[in-house]
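Residue-level structural notes
Spelled out from the first residue to the last, the chains are:
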Amino acid sequence: MSGWLFDVPKTRRRYQALVKHYQQAGLNADNFACQHYAVCEHSQRGAKNLFKGGTLGLMPLYDVSYNGTPIRIFIIGKEDGYTPESRRYGKPELHPYGIPANFSIRCKQCLQATQRTTLNPHIKGTLLTLQRIFEVQSQYLYASYALGNGLRCAFQKDPNSENHSDLPDTPIMRRNCFPYLVKEIEILEPTLVITQGNWAIDANHPVMAQLHRAFGPSKRLMMSSNGKHGLYEFPSFMYLTSYHPARLGPWKTRLAPDALWPMIDHLKDIGYLPRISSEEAAQYEAIVKPAVDKLLNRLN
């Protein structure tokens, strides 16, 4: 009998709660109506091109446990990336580089990574992180996590910067965006939250202080060798800050082995994350792959 258990009905309830949240907050890019947008835009005085709207991607097998130990993973980047292919989700004449997908499309995009033959550095690094957590060497791990961003909008000054913001975010943007992230964490109830990138440890407006206000005090368990990134225990989840895998080579050889793998291994050593046998690792894909392939065939 397999030790894997997937609570699909619970994930569906989370999905519906997020649908309601994004509708009420106006965060879907195709019907964007965030009450804070004008103030955030004003704080970015040099912006000429902009992208607005942002949701997370929730995978259909997010609520997974192994031998009774829940493994709910929420990985958070700074902001959405924008590529020419995203133009199909908006009006090209208004958004020359496109807009981020709305919630349903974003979930589908994230799930499609299970079948892609090429992955960008960010998504590849995210897969390596999931593989370290689950001890499963399968691309179908993309079906068992949530991927989001701290900021809902990004601003451009250089029209040639197609796939990233070339302007730093502002304290006003973080103050207005963070309650949306808090709500996502409340809905998802992750057991492990991982932020990717130095934006989360910026001394001028650190995410940690905002997490403390929302979720209570934390205890530091481990730090990287340079003291920048670490593992923290909150009352309801573990929080891990890490480098962003955009530069995948150095991330794999130097950064993750120092500031990510030891923290994940420590969570296994103390029993917070389960140790998974090779037989059960193979069983994960045997269970998940047919279900995901069937779902994607229906969505495509």
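Residues numbered from 1 in each chain as written. Predicted model: local features only at pLDDT ≥ 70, side-chain atom pairs only at ≥ 80, totals over all residues. Heavy atoms only, no water.

So, the pattern of salt bridges
- Tallying each qualifying case throughout the model produces nine salt bridges.
- For E189, the salt bridge is made with R14, and the minimal N-O distance between the two is 2.8 Å. Linking E189 in the loop between α5 (171-188) and β9 (192-196) with R14 in helix α1 (residues 8-25), this pair joins segments that are 175 residues apart in sequence.
- On the accessibility criterion, E189 (46% relative accessible area) is partly exposed.
- Through salt bridges that share partners, R14, D63 and E189 make up one connected network. (Salt bridge = Lys/Arg side-chain N within 4 Å of Asp/Glu carboxyl O. Helix = DSSP H or I, 4+ residues; strand = E, 2+ residues; numbered from the N terminus. Buried < 20%, exposed > 50% of the residue type's maximum accessible area, 1.4 Å probe, protein only.)

Considerations on helix α6 (residues 207-215)
- Buried residues of α6: V207, M208, Q210, L211 and F215, and no others. Along the long axis of α6, the arc covered by the buried residues comes to 160 degrees, so they all point the same way.
- Residues of α6 that are buried in the fold lie against α5, β11 (230-233) and β12 (238-242).
- Positioned one or two residues after α6, G216 has a phi angle of 100 degrees, which is positive. (Arc of directions from axis to C-beta. Contact = heavy atoms within 4.5 Å.)

Some remarks on the pairing of β12
- The buried fraction of β12 is high, at five of five residues.
- With five bridges joining them, β9 and β12 adopt parallel strand pairing. Residue V193 lies in a different strand from β12, and its bridge partner there is Y239.
- With three bridges connecting them, β11 and β12 associate as antiparallel partners. Paired with E233 across the bridge in β12 is M238.
- Hairpin connection of β11 to β12: four residues between the antiparallel strands. (Pairing = 2+ DSSP bridges.)

Concerning unusual backbone geometry
- The phi torsion at N67 lies on the positive side, around 50 degrees, for a residue other than glycine.
- Note on placement: N67 falls in the loop between β4 (64-66) and β5 (69-70).
- The class for N67 is exposed, based on a relative accessible area of 56%.

Considering the sheet that holds β9
- The mixed open sheet is built from seven strands, whose spatial order is β3-β7-β6-β9-β12-β11-β10. If you trace the sheet from one side to the other, it starts and ends with β3 (57-58) and β10 (219-223), each paired once.

Quick word on the packing of α5 against α6
- Direction vectors running N to C along α5 and α6 enclose 50 degrees, while the axes themselves pass 11 Å from each other. Relative to α6, the element α5 lies oblique. The way α5 lies across α6 gives a crossing that is right-handed. Of α6, the residues touching α5 (which contributes R174, F178, V182, I185 and E186) are V207, Q210, L211, A214 and F215. (Axes fitted to C-alpha atoms, helices over the stretch in contact; angles between N-to-C directions. Parallel < 35°, antiparallel > 145°, perpendicular 65-115°, else oblique. Left-handed = near helix turned anticlockwise from the far one by under 90°.)

Quick notes on the nonpolar core
- Within the largest apolar cluster, 89 residues are counted, with the highest numbers of intra-cluster contacts made by W4, F134 and Y239.
- The leading source of residues in this core is α5, at nine residues.
- Apart from residues no more than four positions distant in its own chain, F134 is found in contact with W4, V64, I71, I73, L141, S144 and I276. (Core = buried A, V, L, I, M, F, W, Y, C linked by side-chain atoms within 4.5 Å.)

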